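Here is how the chains run, residue by residue.
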Amino acid sequence: MIEDLDGGHVWELDNLYRQQTTVRDALWLLKRMYDDPAAEQARYDNGMAASHLAALEAVVADRVLKWATVEELDCVTDRVQ
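So, here is what we can say about the structure in this document. Computed from a predicted structure; not experimentally measured. What you see as residue numbers is a count from 1 along each chain, following the sequence as written. The predicted nature of this model means local features are confined to residues of pLDDT at least 70 and side-chain atom pairs, given and counted, to a pLDDT of 80 or more, with totals for whole chains, interfaces and linings taken over all residues. To get the side-chain values, take all heavy atoms of the structure and skip hydrogens and water.

### Describing the overall build of the protein
Looking only at helices and strands, the protein features five helices and two strands. Numbered from the N terminus, helices here are DSSP runs of H or I no shorter than four residues, and strands are runs of E no shorter than two. Ordered by position from N to C terminus, the α and β elements of the protein give α-α-β-α-α-β-α. Only protein chains enter the accessibility calculation, which uses a 1.4 Å probe. A residue is then buried if its area is under 20% of the maximum for its type, exposed if over 50%, and partly exposed in between. Put simply, the protein has 81 residues, and 28% of those count as buried. Considering only residue pairs separated by 6 or more positions, the protein has 75% of its internal contacts joining residues 24 or more positions apart. Two residues qualify as a contact provided that any one of their heavy atoms is within 4.5 Å of a heavy atom in the partner residue.

What follows is the structure, encoded as structure tokens:
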């Protein structure tokens, strides 16, 4: 789970993106969603990281689980296999 993209997260996302089937075939993304677009922008405001995350989301499609509350997070983690 990645949030607040400060520091070395871009490098880590790049490694996930480049590890082809070794990592991506088993990767699940738990993506927090915000009701307020400004709050979401503040949390995910890093263009390079956002582009890597978008590419990963496209690859793992059905393994991107979105959540907004702690209760929803509990529910989506139960779906991870």
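Moving on from the model shown.
### Brief notes about a negative patch on the surface
Negative charge collects at one region of the surface, where Asp 35, Asp 36, Glu 71, Glu 72, Asp 74 and Asp 78 lie side by side. Structurally, Glu 71 is set in helix H5 (residues 70-79). Its relative accessible area of 57% is what places Glu 71 among the exposed residues. Without a salt bridge and with relative accessible area above 30%, a residue can belong to a patch; like charges are then joined within 9 Å and nonpolar side chains (Val, Leu, Ile, Met, Phe, Trp, Tyr) within 5 Å. For every accessible area listed, the method is Shrake-Rupley and the probe measures 1.4 Å; residues are considered covered only by the protein chains on display. Salt bridge criterion: a side-chain nitrogen from Lys or Arg within 4 Å of a carboxyl oxygen from Asp or Glu. All tallies of charge rest on Lys and Arg as positive and Asp and Glu as negative; His and the ends of each chain are not included. To locate a charge, the coordinates of NZ of Lys, CZ of Arg, CG of Asp or CD of Glu are taken.

### Observations concerning the pattern of salt bridges
A side chain of one charge can pair with a side chain of the opposite charge when the charged atoms of the two come close. Scanning the entire structure with this criterion turns up one salt bridge. Taking the shortest distance from any N to any O, the salt bridge between Glu 57 and Lys 31 comes out at 3.0 Å. Linking Glu 57 in helix H4 (residues 47-60) with Lys 31 in strand S1 (residues 29-32), this pair joins segments that are 26 residues apart in sequence. Considered together, Glu 57 and Lys 31 belong to a single accessibility category, that of buried residues.

### Considering the nonpolar core
Counting residues in hydrophobic clusters, the biggest one holds six residues: Leu 27, Leu 29, Leu 53, Leu 56, Val 60 and Val 64. With three residues, H4 is the largest single contributor of residues to this core. Beyond its immediate sequence surroundings of up to four residues, Val 64 is in contact with Leu 29 and Glu 57. Grouping buried Ala, Val, Leu, Ile, Met, Phe, Trp, Tyr and Cys residues that are joined through side-chain atoms within 4.5 Å yields what is termed a nonpolar core. Counting five residues, the second largest nonpolar core, distinct from the first, contains Leu 30, Trp 67, Leu 73 and Val 76.

### Examining the environment of Arg 24
As for its placement among the helices and strands, Arg 24 is situated in helix H2 (residues 20-24). The class of Arg 24 is buried, set by a relative accessible area of 13%. Each C-alpha atom of the pair Arg 24 and Val 60 lies 6.9 Å from the other, and the pair is 36 residues apart in sequence.

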